[in-house]
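Spelled out from the first residue to the last, the chains are:
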Amino acid sequence: MGGGCCPPMDLFRSEPMQIVQLIVPIESVHLTVSYLGDLGLLQFKDLNADKSPFQRTYAAQIKKCGEMARKLRFFKEQILKADLPLSVKSTELATKDIDDLEIKLGELEAELIEMNANGEKLERTYNELVEYKLVLQKARDFFYLTQRSATAQHRNNDLNSAGEDSIDTPLLEHEITADSKQVKLGYFTGLVPREKSMAFERILFRATRGNLFLKQAVLEDPVVDPVSGEKIEKNVFVVFYSGERAKVKILKICEAFGANRYPFHEESFKQEQLITEVTGRISELRTTIDAGLSHKQNLLRSIADKYEQWNSLVRKDKSVYHTLNMLSIDVTKKCLVGEAWSPVFAAKQIQEALLRAAFDSNSQVEAIFQVLNTKELPPTYFRTNKFNSAIQEIVDAYGVAKYQEANPAVLTIVTFPFLFAVMFGDWGHGICILISALILISLEKKLSGQKLGDITEMAFGGRYVIMMMAIFSIYTGLIYNEFFSVPFELFGQSAYACRDFSCKDATTVGLIKVGPTYPFGVDPVWHGSRSELPFLNSLKMKMSILLGVSQMNMGIIMSFFNALFFKNNINIWFQFIPQMIFLNSLFGYLSFLIVLKWCTGSKADLYHIMIYMFLSPTDELGENELFAGQKNVQIALVLMALVAVPWMLLPKPFLLKKQHEERHQGQTYIPLESSEDALQVEASHGSHSHGDEFEFSEVFVHQLIHTIEFVLGSVSNTASYLRLWALSLAHSELSSVFYEKVLMLAWGYKNPLIFAVGIIVFIFATVGVLLVMETLSAFLHALRLHWVEYQNKFYEGDGYKFHPYSFAVTEEEDE
């Protein structure tokens, strides 16, 4: 794809894009846009951006689709309320059926609303009758018991004709008996919520000043309230009163407390008659309600079978009209004109879709497809799959690549999980994460169509990244020789042995080398020894510097590929070359010294060498000399680093100014055909030379900031890679603490119960701290190293993503 320097890579450069114009006859425009939505390779430009949504051509159709969507949401609520399953997606309806569907949805909605209203009315009547029956039964028992008690009391009074008053004789008995013929008591029966019953009784007593008699009976089971439709615990009450004023007060209090009143007859035969009548009406209503529910269930089931089909049609039709509103109407009002970005490879597929739409809509005129020339910056489009899409999303979270800019995701696919693994090196923990990733991958088909929680969805989306991180963690864990912090002699015997018996107590005092060097990774004898921390500190710190310098060099090399692709020679000569010289004169040389010291086994102090390389470059090195002529090499490297700074700073602004002056003086009138590509490249990736005005001061200040940032960043970025060493050491020490202070300590008690508790604590600590928190920590640090230390060397990331009009994307967003 690029400047001939490397083989084509799908992810290295974004797809070549072009802007196309579509002129579609009005009779086939709906079907055309629908077919293009199925294709999903066009990003339409809004040609009516100055119009509000209500002023656009197809506002009425969108409103109609919105109303249909509202009806479908109503159906969905009713279906879910009835605990019926929604069908899976079936064969889609033709777009021309949308008018018939609108009529059908209207009829179904009216029928459902009427059924719901009738059902609610019947349910309310049924609940009222159930309450009425309970009131009749409880009040009948109350009247019957009261009457029997009064009869027994009169019999006792007749027997005590002597007129002696006992302690149980009512004080006002004679007065009540004397006045009973003159006073006519009224009464109410009904139900009151149990939680309000005490307050109800107290308010009644106060309102009538105690001139009433109230009796309450508790219902064993909750009853459905006719008004609210909820199950409530209630009490049946009977209240006796005297006078119209008391009646009015009691009625108002009943309304205020939500007490439902029901009529009741004193005569027993009428009570039985009412109970029989109410029982019969309850039975009839139950039959009617069941029949209505059955009919409603059948209707909802038929809707549920076609719900997804209808919903998909309405959603697609609405998105089609939204897209049509982005097209402009021709002056003849016989066709619509649209402009859209599309990949170059999609031209043939788009033309085929246009021809098919014209044929299927019986249009006499075919749509016109033509490529336009533009200076606009095209959108960025990478064709990804389920394996590399997560890495591309990680890169895009920093910033979307500018059109055809070198994509960091190509190398990030490998470097990201590797740098994570450097900080998370334990092949036991790596196996645990790998099992989790493989479980997510095995459930791919099942979980891909479901709604997941935020954390689960994030883990599922990055399942292949997690798998790569786990595989690399196993690899680095084998290098570190750590399995839950325990070393194993997997690749052979240790190279060291004890000189005498005194060195067997987990120290390296008295160890001598008796065999060949351990073939792969760290020798297991280092773990648990006194020299473990100094040895691993030195190893991991130097390894972090080597990895960091390598990745930063790769970033600068990527800037060379960018400059070569866009034919920007200034950036090659005055940015890439001095940056490579400066970085490698300092930290490239340090990396060389590290490797040389490992190979030779020298005891030279690298800190001393690097510090005095600048402070006293002419001093003799003495025992810090690693190779012949080292002093002269260091002087040359310091001079090269010093020369590289003005090399980066000064020439580029003056050359850009010269280019601008030449273009606007002697090269203004050049053929547009030959300059179109160059103009597009300059508009996309040039500096300030493409504008009508050239502010030299702005360009110079920009270059000064860029130079200072690179010079200081070379030091700070290299130091930043030491987080690889720090987090790796922290992970190893935490793992060792959990193993020794939890598991081994519990084992030392020789008690099965304590050991079982120790295992549980060890598992929870390992999963919670090492497999969750440490994983997240290492992930974020690897993310920072790629975004800041690696990508800032070459990646501008100020493009915008290609968002094609696609039904598949529309459905995902709606879900």
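In case you missed it, the structure is sitting above this.
Residues numbered from 1 in each chain as written. Predicted model: local features only at pLDDT ≥ 70, side-chain atom pairs only at ≥ 80, totals over all residues. Heavy atoms only, no water.

(A) Just the sheet that holds strand β4 (residues 212–218), in detail. If you walk across this open sheet you meet the 4 strands as β4-β7-β3-β8, and the pairing is antiparallel. The open sheet has two free edges, formed respectively by β4 and β8 (260–262), since each of these has just one partner strand. Strand-to-strand, the axes of this sheet are offset by a mean angle of 25°, without reference to chain direction. Here 8 bridges tie strand β3 (residues 186–193) to strand β7 (residues 234–241), and the two strands are oriented antiparallel to one another. Residue pairing for β7: leucine 191 is matched across the bridge by valine 236. Contacts from helix α5 (residues 197–207) reach β3, β4 and β7 within the one sheet, and its direction differs from that of β4 by about 170°. Sheet strands in contact with helix α6 (residues 244–256) are β3, β7 and β8, and its direction is about 165° off that of β7. (Pairing = 2+ DSSP bridges. Helix = DSSP H or I, 4+ residues; strand = E, 2+ residues; numbered from the N terminus. Axes fitted to C-alpha atoms, helices over the stretch in contact; angles between N-to-C directions. Contact = heavy atoms within 4.5 Å.)

(B) Here's a closer look at the pattern of salt bridges. In the structure shown here, the tally under the stated rule is 23 salt bridges. With a closest N to O distance of 2.7 Å, glutamate 376 and lysine 45 form a salt bridge. Remark: lysine 45 occurs in the loop between β2 (43–44) and α2 (59–81) and glutamate 376 occurs in the loop between β11 (368–372) and α9 (389–398); sequence separation between them is 331 residues. Residue class for glutamate 376 comes out partly exposed when judged on its relative accessible area of 36%. Aspartate 396 is paired through a salt bridge with lysine 801; the nearest N and O atoms lie 3.4 Å apart. Pair noted here: aspartate 396 is in helix α9 and lysine 801 is in the loop between α23 (752–790) and α24 (807–814), with a separation of 405 residues, a long-range link. Classification of aspartate 396 as buried rests on a relative accessible area of 13%. (Salt bridge = Lys/Arg side-chain N within 4 Å of Asp/Glu carboxyl O. Buried < 20%, exposed > 50% of the residue type's maximum accessible area, 1.4 Å probe, protein only.)

(C) Up close: the nonpolar core. Among the nonpolar cores identified, the biggest contains 72 residues, and Ile391, Phe416, Phe582, Leu593, Leu626, Tyr721 and Leu724 are the most heavily contacted of them. Ranked by the residues each element gives to this core, the list is headed by helix α16 (residues 569–600), at 11 residues. In this structure phenylalanine 416 touches Ile391, Ile394, Val465, Met469, Phe779, Ala782, Leu783 and His786, once residues within four positions along its chain are discounted. Formed by 36 residues, the second largest nonpolar core is a distinct cluster that contains Tyr35, Leu336, Ala367 and Phe807. (Core = buried A, V, L, I, M, F, W, Y, C linked by side-chain atoms within 4.5 Å.)

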